[in-house]
Amino acid sequence: MSRDELVVLAREQAARIAQQDTQIRTLATQLDDVSEKLAKLEHLISRNSSNSSFPSSKDGSPGGTLPPRKQRRAQPGGRKKGKQSGEAGTALSWSDTADRVDRFPEGPCPCGADLADAEDLGIVDRYQQHEIPLVTVSVTQYDQHAVACTCGKMHTAARPDGAGAGRIEYGPQLRAFVLYLIVVHYVPVHRVREILTALTGAEPSIGFIHSLIHRAARQLHAVDQLIRTLITLAVAVCCDETPLKTGPATPAEGKKEAKGYLHVACTELYTHYLLGDRSLDTFKQFVYLKMNPGAVIVHDRYTAYDSDQLGALTHQLCLQHTLRDLATAIELYPDQAWPAQAADSLRELIHRANQARQRGETHLAPALAKIGTQGLRGAVTLGLRHTEDLEDTRPGARKMRLLLEALREREADFLRFTTDLRIPPTSNQAERDLRPAKIQEKISGRLTDVTRTQERYTIRGVLSTATKHGQNAISVLRDMFCGRLWTPPAASAPG
């Protein structure tokens, strides 16, 4: 090739190399973006009920990772399904008080004689059957009579319990059954009507079923406020909140999603709900401002709980949330010992506190508390040293660093349950009281009327409290419609 041809070829190759360099840089940038997105997706699908706040109902979703305990059960040699060895079993037992029915053969004998005239040779077989009676709606007409006393005064018989002012209506038992299905089991209104029709023959209108929610919430409002007051007097209150699809489907101005937040404040005996959002304004409307100075709230580390505007509250940070975060740390740093050490130290403290509570003690012995605390402090120190690298942009890395800093700076708030065994170490009670809201959302979807949604949870709070006191939910609702409101007994009020 001539010199001029070589120059042209070199220039063409230089231009092609420059073009390829540009393409490589573009592809490298795209690869970085895809790698970051892939890491986030892998992090998301690895979330389950053991390492995040996801409910257990989301475990096993397509592409998701099952919690370790479920993986172990699925493996050969793991715990068998059904009843475990050593657990008490249940079975139907023979009853000595059963209603007796004598049965005799009927019809003719092959010889032609009627078996009704045959000689009774006694009982040769016994069989007991547990059954419910066929339930059909009955219509009863109550005629209230007036009488005249010898003194001249007139007296009119009162209507039966639960009767309204109209001439025709459904009785308190049927109304209680309707509300029980809607509020306790979250059956959609149209399906409630189908169930009633199939089981009893009653065909109440959809409007009537809807109206029961408002009527019951209005009657139970005073009981709900009493429960709220009793919660403010408690030594420790578990608190939590969860997103809830309610109201219009179009997000409000300045909001990304059209949803509210259902808040719960509860103890082992009381439950109270408030529907709002996660703003400080909603938190200020809840029970916190009314609680006694020094009262303990058990919660996750959401920042609103630490606001000075909520008053002089004392905190117990939920260790169940902490243990789930540490499970993430174990996955994120598989070659490090500090996440497992921190988790084991917290579990040991919880276990020792439970044992001390069963012995009737008021606080964990200092020697026992010191052992667990030292193990936790050592793990936190190692973890902080290991996570000093601010360039670690993997999903979950920053969250783990913030957790370690919180464990160092708020150790007393994490371990307050060891100083007063009346304080639960977790907010599991609040999570249990909120979990049915997720069930409702899966069954019915969005609840479009915010007022009706709050009324549902007013009823739910009273029924949850009654159930915690050993009451039957349907009986509480029936008595309410009969004008007999159930209220928590004074003996259960916090001291």
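For every chain, the first residue of its written sequence is number 1, and the numbers climb from 1 along that sequence. Local features in this predicted model are restricted to residues of pLDDT 70 or higher, and side-chain atom pairs are both shown and tallied only at a pLDDT of 80 or more, whereas totals for entire chains, interfaces and linings draw on every residue. The side-chain numbers reported here are obtained from all heavy atoms of the structure, hydrogens and water having been left aside.

Quick word on the overall build of the protein chain
A tally of regular secondary structure across the protein chain gives 14 helices and 7 strands. When we talk radius of gyration, it's over C-alpha atoms, and the globule rule is simply 2.2 Å times the number of residues to the 0.38. At 33 Å, the protein chain has a C-alpha radius of gyration far larger than the 23 Å of a compact globule built from 495 residues. On the principal axes, the C-alpha backbone points of the protein chain span a range of 130 × 75 × 55 Å. For the protein chain, the proportion of its 495 residues judged to be buried stands at 35%. A separation threshold of at least 6 residues defines the contact pool for the protein chain, and within that pool the share at least 24 residues apart is 62%. Per-residue and other accessible areas follow the Shrake-Rupley method at a 1.4 Å probe size, with only the shown protein chains counted as cover for residues. With the model as given, the accessible surface of the protein chain reaches about 30,700 Å², and the carbon-plus-sulfur share is 53%. Think of it this way: Lys and Arg go in the positive column, Asp and Glu in the negative one, and His and the chain ends go nowhere. Here the site of a charge means NZ on Lys, CZ on Arg, CG on Asp, or CD on Glu. Distance between charge centroids for the protein chain: 3 Å, based on 63 positive and 57 negative side chains. Strands are runs of DSSP state E lasting at least two residues, helices are runs of H or I lasting at least four, and both sets are numbered from the N terminus onward. Only protein chains enter the accessibility calculation, which uses a 1.4 Å probe; a residue is then buried when its area is under 20% of its type maximum, exposed when over 50%, and partly exposed in between. Any two residues whose heavy atoms approach within 4.5 Å are treated as being in contact.

Description of the sheet that holds strand E7 (residues 314-317)
Backbone hydrogen bonds hold the strands of a sheet together, and the pairing may be parallel or antiparallel. At least two DSSP bridges between two strands are required for those strands to pair. The sheet built from 5 strands is open, its strands ordered E5-E4-E3-E6-E7 with mixed pairing. What marks the edges here is a single partner per strand, and that holds for strand E5 (271-276) and E7. Direction aside, the axes of adjacent strands within the sheet are offset by 25° on average. Relative to strand E6 (residues 296-299), strand E3 (residues 236-244) is paired through 3 bridges, and the arrangement is parallel. Bridge assignment links alanine 236 to a residue of E6, and that residue is valine 296. To get an axis, a line is fitted to the C-alpha atoms, and for a helix only the part in contact is used. The angle between two axes follows their N-to-C directions and goes from 0 to 180 degrees. Contacting E3, strand E4 (260-266) and E5, helix H5 (residues 206-232) crosses the sheet at an angle of about 105° to E5. Contacting E3, E4 and E5, helix H12 (residues 428-444) crosses the sheet at an angle of about 20° to E3.

Points about the pairing of E5
Counting buried positions over the 6 residues of E5 gives 5, a clear majority of the element. Inspection of the sheet shows E4 paired to E5 by 6 bridges, in the antiparallel sense. Its bridge partner lying in E5, tyrosine 261 is registered against glycine 276. Here E4 hands over to E5 after 4 residues, the two strands then running antiparallel side by side.

Some remarks on the packing of helix H4 (residues 189-200) against H5
Remark: H4 packs on H5, axes separated minimally by 10 Å, with the N-to-C direction vectors making an angle of 110°. In this view, H4 runs roughly perpendicular relative to H5, as classed from their interaxial angle. Two packed elements cross with a definite hand, and for H4 against H5 that hand is right-handed. Facing H4, whose interface residues are Val189, His190, Val192 and Arg193, H5 presents Ile206, Ile209 and His210. Between 65 and 115 degrees an angle is taken as roughly perpendicular, under 35 as roughly parallel, over 145 as roughly antiparallel, and anywhere else as oblique. Each helix crossing is assigned a hand: it is left-handed if the near helix lies turned anticlockwise from the far helix by less than a right angle, otherwise right-handed if that turn is clockwise.

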